[in-house]
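Per-entry structural report
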Amino acid sequence: MAFVDGVAREHFTQAAGCQEGIIWPTGRHCPHCGSVASSSLNGRTCRPGLYQCRDCRLQFTVTTLTPMHGTKLDLRIWICAMFLVLTSSKGISSVVMARLLGVNQKTAWKVGHAIREMMDDRNGELMPLEDIVEIDEAYVGGAPKSLSGAYNPPGKGTGKPMIFVAASRDGQARARVVPNDQRATLEPVLLEWIDPATTNLMTDGNKSYRGLGKTMADHQYVIHSQKEYANPETGAHVNTAEAVISQVQRALVGVYHNLGRKHLQRYLDEIVWRWNHRDPVREVVKQWTTKAGVERQKSTTIWRPIPVVDQMRVLLQGAVGKQVRRSRDYGLCWP
Ligand SMILES: [Zn+2]
């Protein structure tokens, strides 16, 4: 876009100014050094929205050091792509996204992964899981192609990647790709997510959880091989964690058929984001009057996604520092 006359430039800058507040909610700051002292560059050859830091003297715009850094796409396409990723319940494939946005499939694939990169919690903005936490593991991915010669037996010993999931019963979850289900592998991951002194851990009968449970405030388990899926006395079950895993399986079966193992963690981040950004709402599902004339009603908790505009705001606020670039062979690289 060329802004030759001052009116158009001013209009653009004003519009951009109110949008920039989404990335910089506490005011403009330099992504290179974090300084809040910067000035707008308004020369004839400067593109709109360009600033210079008064401390490190580096120039920046609102997309600097975010996954949108150096993009040739219109930012409106990015916003549309975010909307599509956030509103599709099982994720959206790059082929469909390309069709809807009018861009190349490879572009849509990169945009999709850049958005998933913004959804990860690497910077630890998330609070630890609290109270009752269920953990479970699963092998994900479909059967290998018949001509590939690979054979993946079900359960342990399979060549499929393993994921480790923790879900608290108040609606928050975490997921990680792990190499195996040994205690030594799972413990450091779990300790990033929870506080062992206050956690009531719920697991299935897997032996590596027994030792792990001893370090927690409390540990209850159900033994699936004995057809025990919930214990009414202790309240033990891992159905919440299994629900998260089923979301992963659904997304893999329904949308992301051909899933690179090296990108699996990013797909998990997307699914867990969707799980974490919901609010419980008590809703009446049935109302009736008994023969004695007493009004009765039955209500249930419905988990509603939080409004997509609010989710987008959270997504953009965490965007700085999560730069993703395209590698020469159309892969991804992290500068
Ligand atoms: Zn600076």
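The structure we're discussing is the one just above.
What counts as what
Residues numbered from 1 in each chain as written. Predicted model: local features only at pLDDT ≥ 70, side-chain atom pairs only at ≥ 80, totals over all residues. Heavy atoms only, no water. 1 Å grid on protein atoms, 1.4 Å probe; cavity = no way out; pocket = protein on both sides within 12 Å on 5 of 7 lines; lining within 4 Å. Points joined across faces, edges and corners; volume = space filled by probe spheres on them. Helix = DSSP H or I, 4+ residues; strand = E, 2+ residues; numbered from the N terminus. Nonpolar A, V, L, I, M, F, W, Y, C, P; charged D, E, K, R; others polar. Domains from an automatic or database assignment. Pairing = 2+ DSSP bridges. Right-handed = clockwise from strand over helix to strand, strands pointing away. Donors = N, O, S within 2.8 Å, 3.2 Å for Na, K, Ca; no water. Tetrahedral: all angles 85-135°; square planar, octahedral: opposite > 155°, others 65-115°. Buried < 20%, exposed > 50% of the residue type's maximum accessible area, 1.4 Å probe, protein only. Patch = residues over 30% accessible without salt bridge, like charges linked within 9 Å, V, L, I, M, F, W, Y side chains within 5 Å. Areas by Shrake-Rupley, 256 points an atom, 1.4 Å probe, with all protein chains shown as cover. Salt bridge = Lys/Arg side-chain N within 4 Å of Asp/Glu carboxyl O. Lys, Arg positive; Asp, Glu negative; His and termini not counted. Charge placed at Lys NZ, Arg CZ, Asp CG, Glu CD. Axes fitted to C-alpha atoms, helices over the stretch in contact; angles between N-to-C directions. Contact = heavy atoms within 4.5 Å. Polar contact = N/O pair within 3.5 Å; in protein donor to acceptor, adjacent residues only side chain to side chain. Phe/Tyr/Trp six-rings, centres within 6.5 Å; stacked < 30°, edge-to-face > 60°. Lys NZ or Arg CZ within 6 Å of the ring centre and 35° of its normal.

To find the voids left in a structure, one rolls a probe of water-molecule size over its atoms. A complete count under the given rule lists two cavities of 30 Å³ or more for this structure. The space that makes up the largest cavity amounts to roughly 40 Å³. Contributing to the lining of the largest cavity are Ser89, Lys90, Gln247, Arg250, Ala251, Ile271 and Arg274. Among the elements of the structure, helix H7 (239–254) and helix H8 (264–276) are those that each provide at least two residues to the lining of the largest cavity. Per-element accounting of the lining of the largest cavity gives the leading share, three residues, to H7. Each residue belonging to the lining of the largest cavity can be placed in one class, and the counts come to two nonpolar, two polar and three charged. Inspection of the lining of the largest cavity shows a minimum of three residues originating in each of domain 2 (67–125 + 260–285 + 306–335) and domain 3 (132–256).

Next up on the list: the pairing of strand S8 (residues 218–221). Note that strand S7 (residues 200–203) and S8 share four bridges and pair parallel. Opposite Met202, over in S8, you have Gln220 as the bridge partner. Taken together, S7, helix H6 (residues 208–214) and S8 form a β-α-β motif whose crossover is right-handed.

Turning our attention to the coordination of the zinc ion. When a metal holds four donors in a tetrahedron, each ideal angle between them is 109.5 degrees; when it holds six in an octahedron, the ideal angles are 90 or 180 degrees. Within the protein, Cys30 (SG), Cys33 (SG), Cys53 (SG) and Cys56 (SG) serve as the donor atoms for the zinc ion, at 2.2 to 2.4 Å. The coordination sphere of the zinc ion comprises four donor atoms, whose angles at the metal cover 106 to 118°; the geometry is tetrahedral. Sequence positions of the residues that donate to the zinc ion give the spacing C-x2-C-x19-C-x2-C. For Cys53, a relative accessible area of 0% translates into the label buried. Residue classification places Cys56 among the partly exposed residues on the basis of a relative accessible area of 29%.

Every other side chain in a regular strand lies on the same face of the sheet, so the side chains alternate between the two faces. Pairing of strand S5 (residues 162–168) with strand S6 (residues 173–178), which is carried by six bridges, proceeds in the antiparallel orientation. Bridging from a neighbouring strand, Ala166 pairs with Arg174 of S6.

A grouping of Glu130, Asp131, Asp170 and Asp195 is seen on the molecular surface, where their side chains present a negatively charged patch. As for its position among the elements, Glu130 is in the loop between helix H4 (105–118) and strand S4 (132–139).

Spatial ordering of the open sheet is given by S6-S5-S4-S7-S8, a layout of five strands whose pairing is mixed. Strands with a single pairing partner mark the edges of an open sheet, and in this sheet they are S6 and S8. Each adjacent strand pair in this sheet contributes to an overall mean axis angle of 20°, direction not counted. With respect to the sheet, H7 is in contact with S4, S5 and S6, its orientation differing from that of S4 by roughly 40°. Sheet contacts for H8: S5 and S6; angle to S6, the most-contacted strand, approximately 170°.

Here the focus is the side chain of Ser88. Within the secondary structure, Ser88 is located in the loop between helix H2 (75–87) and helix H3 (94–101). The class of Ser88 is buried, set by a relative accessible area of 16%. A polar atom in the side chain of Ser88 sits 2.8 Å from the backbone oxygen of Leu84.

Below, the discussion takes up helix H5 (residues 183–193). Listed in full, the buried residues belonging to H5 are Thr185, Leu186, Glu187, Val189, Leu190 and Trp193. Among the structural elements, S4, S5, S6, S7 and H6 are those in contact with the buried residues of H5.

Turning to the packing of aromatic side chains, a few remarks are in order. Applying the stated criterion to the full structure yields four aromatic pairs. When the ring of Trp24 is compared with that of Tyr51, the centres are 6.0 Å apart and the planes differ by 75°; the resulting orientation is edge-to-face. Here Tyr51 lies in strand S2 (residues 51–53) and Trp24 lies in the loop between helix H1 (6–23) and strand S1 (38–40), a separation of 27 residues in the sequence. Each member of the pair, Trp24 together with Tyr51, is buried. With centroids separated by 5.8 Å and ring planes inclined at 35°, the aromatic side chains of Tyr51 and Phe60 adopt a geometry described as tilted. For Phe60, a relative accessible area of 1% translates into the label buried. Cation over ring: Lys286 sits above Trp288, and NZ or CZ is 5.2 Å from the ring centre.

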